[in-house]
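# Report on the structure
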Amino acid sequence: MVTSENEINRRIEERDAERSARRAQAATVVGQMARRHTELAGQLAQLERELGKVLTEAGEVFDVAELAQVTDIPVADLTIWLDHAAKPARSGKRTRPRVKPQDAGSNSTSVATEPRAARTALTAPTESTGAAAGSASS
């Protein structure tokens, strides 16, 4: 006997309800864990800043190698934390500077739309790019 349309719809709804419940549970757990991860990452960053500050101050009485021997903390770890203390905290996402619109009568090609190599060639060479530009044209 062939199943009626009502029975087919009921079965589909039943299966969809189970799947929806599992999807909602999975999404909830992922959301909770992501929030926890963000909190812990912030706490870890703060701890690393504090640790770096203490290491900087300890530098007056300890060098990194001796401190590593005394504490059994690898020199590499101490160095990383010390380096983090020396670098300023990032202020957020970098954004590209906006290109100002050109006059209607000017050339339609913009330096910003040219290939990178062409843009580099148009700029005045500096100490760091002068050598690279000179070797690229050889």
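Residues numbered from 1 in each chain as written. Predicted model: local features only at pLDDT ≥ 70, side-chain atom pairs only at ≥ 80, totals over all residues. Heavy atoms only, no water.

### Digging into the overall build of the protein chain
Test applied: The secondary structure listing takes helices from DSSP runs of H or I that are at least 4 residues long and strands from runs of E that are at least 2 residues long, numbered from the N terminus. The cut-offs for exposure are 20% and 50% of the maximum accessible area for each residue type, with area from a 1.4 Å probe on protein chains only; residues under the lower value are buried, those over the upper are exposed, and the others partly exposed. A contact between two residues is defined here by any heavy atoms of the two lying within 4.5 Å. The Shrake-Rupley method, run with a 1.4 Å probe, gives the accessible areas here. Residue values count only the displayed protein chains as cover.
Each helix and strand in the protein chain was counted, giving five helices and zero strands. Looking at the protein chain as a whole, 6% of its 138 residues qualify as buried. Restricting the contact set of the protein chain to residue pairs at least 6 apart, pairs at least 24 apart contribute 32%. When the accessible surface of the protein chain is split by element, carbon and sulfur atoms take 56% of a total near 12600 Å².

### Here's the deal with the pattern of salt bridges
Under the convention used in this document: A carboxyl oxygen of Asp or Glu within 4 Å of a side-chain nitrogen of Lys or Arg is what we treat as a salt bridge.
A full pass over the atoms with the stated rule returns three salt bridges. Linking Glu7 and Arg10 is a salt bridge whose minimum nitrogen-to-oxygen distance equals 2.6 Å. Remark: Arg10 and Glu7 occur in helix 1 (residues 5–58); sequence separation between them is three residues, near one turn of the helix. With its nearest N and O atoms 3.0 Å apart, the salt bridge here joins Arg11 to Glu7.

### Considerations on the packing of helix 1 against helix 3 (residues 75–86)
Test applied: Axes, fitted as lines to C-alpha atoms, cover a helix only where it is in contact. Angles between the N-to-C directions of the axes lie from 0 to 180 degrees. Each angle is binned into one of four classes, with values under 35 degrees roughly parallel, values over 145 roughly antiparallel, values of 65 to 115 roughly perpendicular, and all other values oblique. Classification convention: Asp, Glu, Lys, Arg as charged; Ala, Val, Leu, Ile, Met, Phe, Trp, Tyr, Cys, Pro as nonpolar; all other residues, Gly among them, as polar.
Close contact between helix 1 and helix 3 brings their axes to 7 Å; oriented N to C, the two are set at 95°. Taken together, the axes of helix 1 and helix 3 are roughly perpendicular relative to one another. Seen from helix 1, the contacting residues are Glu48, Leu51, Gly52, Lys53, Leu55 and Thr56; seen from helix 3, they are Leu78, Trp81, Leu82 and Ala85. Taken together, the residues of the contact of helix 1 with helix 3 break down into six nonpolar, two polar and two charged.

### Considerations on the nonpolar core
For soluble globular proteins, the rule of thumb is that nonpolar side chains tend to be buried together. Note the cut-off: Here, the term nonpolar core denotes a set of buried Ala, Val, Leu, Ile, Met, Phe, Trp, Tyr and Cys residues that are joined through side-chain atoms within 4.5 Å.
Within the largest apolar cluster, five residues are counted, these being Leu55, Leu67, Ala68, Leu78 and Trp81. Secondary structure elements with two or more residues in this core: helix 2 (64–71) and helix 3. Ignoring anything within four residues of it in the chain, the contact list for Leu67 reads Leu55, Phe62 and Leu78.

### Considering the confidence of the model for the protein chain
Under the convention used in this document: For every residue, the predictor assigns a confidence score, pLDDT, that lies between 0 and 100.
Per-residue pLDDT for the protein chain has a mean of 77; in total, 66% of the residues score no lower than 70. Confidence, expressed as mean pLDDT per element, reaches its minimum in the protein chain at helix 4 (residues 116–122) with 45 and its maximum at helix 1 with 94. Note on residues 117–138: pLDDT under 50 across the span, and six contacts to partners over four residues away in sequence or across chains.

### Brief notes about helix 1
Within an α-helix, residues lying three or four positions from one another point in the same direction, as the helix has 3.6 residues per turn. Under the convention used in this document: One less than the number of residues in a helix, times 1.5 Å, gives the span that helix is expected to have.
With 54 residues, helix 1 should cover 80 Å at 1.5 Å per step; its first-to-last C-alpha distance of 78 Å lies within 8% of that length. For helix 1, every residue scored as buried is listed here: Gly52, Leu55 and Ala58. Where helix 1 is buried, its residues touch helix 2 and helix 3.

### Digging into the environment of Arg49
Threshold: Counted as a polar contact is a pair of N or O atoms within 3.5 Å, where, for protein atoms, one must be capable of donating a hydrogen and the other of accepting one, and residues adjacent in sequence contribute only when both atoms are in side chains.
Turning to its location among the elements, Arg49 is positioned in helix 1. Put simply, Arg49 and His84 are 35 residues apart on the chain and 6.8 Å apart in space, counted from C-alpha to C-alpha. For Arg49, the side chain forms a polar contact with the side chain of Gln46, separated by 2.8 Å.

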